[in-house]
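Analysis of the macromolecular model
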Amino acid sequence: ISSSDNKIFEKAFGKIKKIHDLLSLHTPHSELSQLNSSLNTNILLSAESIDVLKKSLELMKKSHSLFDITIGGMLQKMNVIPTHPGQENRLNFGEIGDVVISEIGCLLQRPITLTLDGVAKGYSVDLAYHSLIESGVEHGLINAGGDIRIFGDIQVPIYRREVNLEYSLLGHFKETSIASSRTSMFKDENFPGFIISKEAHECVEKIWTVSAKDACKADALTKVAILASAHERNSIIASLGGEIVIR
């Protein structure tokens, strides 16, 4: 790898780091944390943060809130995510209308906590992909903690870590994005994500994997796959541009 190659990859990884810094719930000074500490105030945001919020609200609407970015208050009460100064006494859940996006920022009309953990990592993978393409990289695989995008003339075997920590082959994939999420009644250090629903939801110990054109959508649709009812799960995922990967 030459020094010019290193710069190409550093630029791509820089895209992933930027989204982490902008949208981390664990950093009190991130743009998302600043927004969550506000009420009825237009908070100036970067173009990337606004884009993620727009994509998230669109999917929230189309999925009838199966994908929901307003559940942060409940996650704070469960001590799953931190509560920073100004975020005390937030509502458990919100609604789409609580979030007002402008060209330069966002305003919260009620005291809610937004969480973009279910989409931001996939979005950062897509930014890294576009960066590599713009730099002339013809094919490759980007993997950010299990959010994967495969591009170019290559076919790649993808393995999934199961609940028992063993790995299983999902298949060989080309020109697609793949993401996985686990359902469980308990927090697990091996699977740090935690997914909840506004409605009572019977939880089955399982890992769901979804493929889609872009990693942002694949990432988000794993949550829809988890929370959708069994009889409508496949049709909803398909209508939103994804496909459930069956082992």
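Please refer to the structure higher up on the page.
These notes cover the structure that comes with them. These figures come from a predicted structure and were not determined experimentally.

As for unusual backbone geometry
Even without a glycine there, the phi angle at Asn79 is positive, about 60°. Following the sequence through the fold, Asn79 ends up in the loop between α4 (72-77) and β2 (99-101). Overall, the relative accessible area of 63% leaves Asn79 in the exposed class. Non-glycine residue Glu175 carries a positive phi angle of around 50°. Inspection of the secondary structure puts Glu175 in the loop between β7 (167-173) and β8 (176-183).

Structural notes on the sheet that holds β8
Hydrogen bonding along the main chain pairs the strands of a sheet, whether they run parallel or antiparallel. The five strands are arranged β4-β5-β8-β9-β10 in an open sheet whose pairing can be described as antiparallel. Since the sheet does not close on itself, it has two edges, and those belong to β4 (140-144) and β10 (242-244), each with one partner. With direction set aside, neighbouring strand axes in the sheet form an average angle of 20°. In this structure, strand β9 (residues 206-212) lies alongside β10, joined through three bridges in antiparallel fashion. Across the sheet, the residue bridging to Ser211 is Glu243, located in β10. Packed onto the sheet, helix α5 (residues 120-134) meets β4 and β5 (147-151) and runs at close to 25° relative to β5. In the packing of helix α6 (residues 215-227) onto the sheet, the strands contacted are β5, β8, β9 and β10, and the crossing angle to β8 comes to about 30°.

Describing the pairing of β4
Burial along β4 is one-sided: the residues Gly140, Ile142 and Ala144 are buried and none of Leu141 and Asn143 is. Bridge analysis of β4 against β5 gives five bridges, and the strand direction is antiparallel. Residue Leu141 lies in a different strand from β5, and its bridge partner there is Ile150. Counted between consecutive antiparallel strands, the loop separating β4 from β5 contains two residues, among which Gly145 sits at a positive phi close to 60°.

Description of the pattern of salt bridges
By the definition in use, this model includes eight salt bridges. Lys17 is paired through a salt bridge with Asp21; the nearest N and O atoms lie 2.7 Å apart. Separated by four residues within a single helix, Lys17 and Asp21 lie in helix α1 (residues 3-23), roughly one turn from each other. Accessibility expressed as a relative area gives 54% for Lys17, which makes it exposed. Asp21 sits in the partly exposed class, given a relative accessible area of 38%. The salt bridge partner of Glu58 is Lys62, with a shortest N-O separation of 3.0 Å. On the criterion of helical spacing, the pair formed by Glu58 and Lys62 is a turn pair, its members being four residues apart in helix α3 (residues 47-62). What makes Glu58 partly exposed here is its relative accessible area of 42%.

Quick notes on the rules
Residues numbered from 1 in each chain as written. Predicted model: local features only at pLDDT ≥ 70, side-chain atom pairs only at ≥ 80, totals over all residues. Heavy atoms only, no water. Helix = DSSP H or I, 4+ residues; strand = E, 2+ residues; numbered from the N terminus. Buried < 20%, exposed > 50% of the residue type's maximum accessible area, 1.4 Å probe, protein only. Pairing = 2+ DSSP bridges. Axes fitted to C-alpha atoms, helices over the stretch in contact; angles between N-to-C directions. Contact = heavy atoms within 4.5 Å. Salt bridge = Lys/Arg side-chain N within 4 Å of Asp/Glu carboxyl O.

Structural measurements only, silent on function.
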